[in-house]
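What the coordinates show
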Amino acid sequence: MAGLMELVAREGLVLPWKVEDDFHGWRLPPAAVKLIPGEAVRQGKALGNRYFHDLYHAIAADLKRGRSSYWGMESREHTAQVPQKQREWREWRFRYEEDDRQKIDERRADIKAAGEPDQFLPALFCSPTMELGVDISALNTVYLRNVPPTPANYAQRAGRAGRSGQAAVIMAYCAAQSPHASTSSSAD
């Protein structure tokens with residue numbers, strides 16, 4: 001990965017960035033990004049983005065015909081608002097290892113009666129409930145929609161991925177003028 005980033009840096013697409021004395025990261029320079037407005041679509045009195053207009057209309061047309069290429073992109077919520085039993089089913093579906101599939105088979109009627117699918121679940125959207133000891137060994141990516149408030153929270157959330165020696169990707173989003181992007185927390 002370091003070699004790849006150095007190659008991309010030579011092309012001017014990223015810049016090395018010193019985070020701490022013995023640790024550096026990478027930043028995307030503004031010159032590496034070119035935003036070009038796309039073709040607009042008139043939607044009543046407003047103008048809309050052509051890409052999203054066409055995407056949503058295509059999805060609606062597919063669903064009306066009873067099929068969709070987007071059905072394979074299922075994700076589910078895993079928060080305190082979801083009943084415990086349903087969170088457990090979703091964990092089984094996300095891990096989808098042999099013992100999880102057996103548990104799904106044993107409870108298939110209950111799962112289906114609750115309106116929950118019973119096949120593999122490729123993505124979970126979670127709140128800090130993931131800090132509470134949920135162990136999903138196959139988890140290999142964590143995307144944080146903001147920088148956690150403390151380094152301990154970061155370690156708990158990021159530590160959900162990459163168990164048993166497997167590689168993991170951790171991404172955190174932050175933006176200028178955001179309460180989660182102050183100088184003191186941006187290196188967390």
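Higher on the page you've got the structure.
Below or above, wherever it landed, is the structure these notes cover. (Residues numbered from 1 in each chain as written. Predicted model: local features only at pLDDT ≥ 70, side-chain atom pairs only at ≥ 80, totals over all residues. Heavy atoms only, no water.)

So, the overall build of the chain
The test is simple: Helix numbering and strand numbering both begin at the N terminus, where a helix is a DSSP run of H or I of at least 4 residues and a strand a DSSP run of E of at least 2. Only protein chains enter the accessibility calculation, which uses a 1.4 Å probe. A residue is then buried if its area is under 20% of the maximum for its type, exposed if over 50%, and partly exposed in between. We call two residues contacting when some pair of their heavy atoms lies within 4.5 Å. Reported accessibility uses the Shrake-Rupley method at a 1.4 Å probe radius. Residues are deemed covered only where the shown protein chains occlude them.
Helix and strand counts for the chain come out as 6 helices and 8 strands. Going from the N terminus to the C terminus, the chain shows its helices and strands as α-β-β-β-β-α-β-α-α-α-β-β-α-β. Within the span of the chain, comprising 188 residues, buried residues form 26% of the whole. Considering only residue pairs separated by 6 or more positions, the chain has 50% of its internal contacts joining residues 24 or more positions apart. A total accessible area of about 13300 Å² is found for the chain, and carbon and sulfur atoms account for 56% of it.

Here's the deal with the pairing of strand 4 (residues 46-49)
Selection criterion: Two strands are counted as paired when DSSP detects at least two bridges linking them.
Pairing between strand 3 (residues 40-43) and strand 4: 4 bridges, direction antiparallel. Bridge pairing in strand 4 places Ala-40 opposite Asn-49. A loop of 2 residues connects strand 3 with strand 4, the two strands running antiparallel in sequence, and Gly-44 in this loop sits at a positive phi of about 70°.

Considerations on the packing of aromatic side chains
Note the cut-off: Planes of paired rings set the category: under 30 degrees apart is stacked, over 60 is edge-to-face and the rest tilted, where pairs are Phe, Tyr or Trp rings (Trp by its six-membered ring) whose centres lie within 6.5 Å. Here, a charge over a ring means that NZ of Lys or CZ of Arg falls within 6 Å of the ring centre while also lying within 35 degrees of the ring normal.
Applying the stated criterion across every chain, the model contains 3 aromatic pairs. Relative to Phe-52, the ring of Tyr-51 lies with its centre 5.0 Å away and its plane at 80°, an arrangement referred to as edge-to-face. With a relative accessible area of 40%, Phe-52 lands in the partly exposed category. Ring centres of Phe-52 and Tyr-56 lie 6.0 Å apart, and the angle between their planes is 35°; this geometry places the pair in the tilted category. Of this pair, Phe-52 and Tyr-56 both sit in helix 2 (residues 50-64), separated by 4 residues, roughly a single helical turn. Judged by relative accessible area, Tyr-56 falls into the exposed class, the value being 52%. One aromatic cluster is present, built from ring pairs that chain together Tyr-51, Phe-52 and Tyr-56. Positioned over the ring face of Trp-17 is Arg-27, at 3.6 Å from the centre of the ring. Over the ring of Tyr-96 we find Arg-101; its NZ or CZ atom is 5.4 Å from the centre of that ring.

Things to note about helix 2
For an α-helix, 3.6 residues make a turn, and residues three or four places apart therefore share a direction. Note the threshold: In this analysis, the expected span of each helix is defined as 1.5 Å times one less than the number of residues it contains. Polar contacts here mean pairs of N or O atoms no more than 3.5 Å apart (in protein, one a potential hydrogen donor and the other a potential acceptor; neighbouring residues in sequence count only if both atoms are side-chain atoms).
Over its 15 residues, helix 2 runs 21 Å from end to end, which matches the ideal 21 Å to within 8%, given 1.5 Å per residue. Those residues of helix 2 that sit buried are His-53, Leu-55 and Asp-62. Turning to helix 2, the residues buried within the fold contact strand 3 and strand 4. The residue sitting at the N-terminus of helix 2 and contributing the capping side-chain oxygen is Asn-49; that oxygen lies 2.8 Å from the backbone nitrogen of Tyr-51.

Points about the environment of Glu-77
Along the chain, the position of Glu-77 falls in strand 5 (residues 75-78). For Glu-77, a relative accessible area of 37% translates into the label partly exposed. Residues Glu-77 and Phe-125, 48 residues apart in the sequence, show an inter-C-alpha distance of 4.8 Å. Sequence-distant contacts of Glu-77, that is, excluding residues within four places in its chain, are made with Val-82, Arg-90 and Phe-125. At a separation of 2.5 Å, a polar atom in the side chain of Glu-77 contacts the side chain of Thr-79.

Function-wise, these values are silent; they only describe arrangement.
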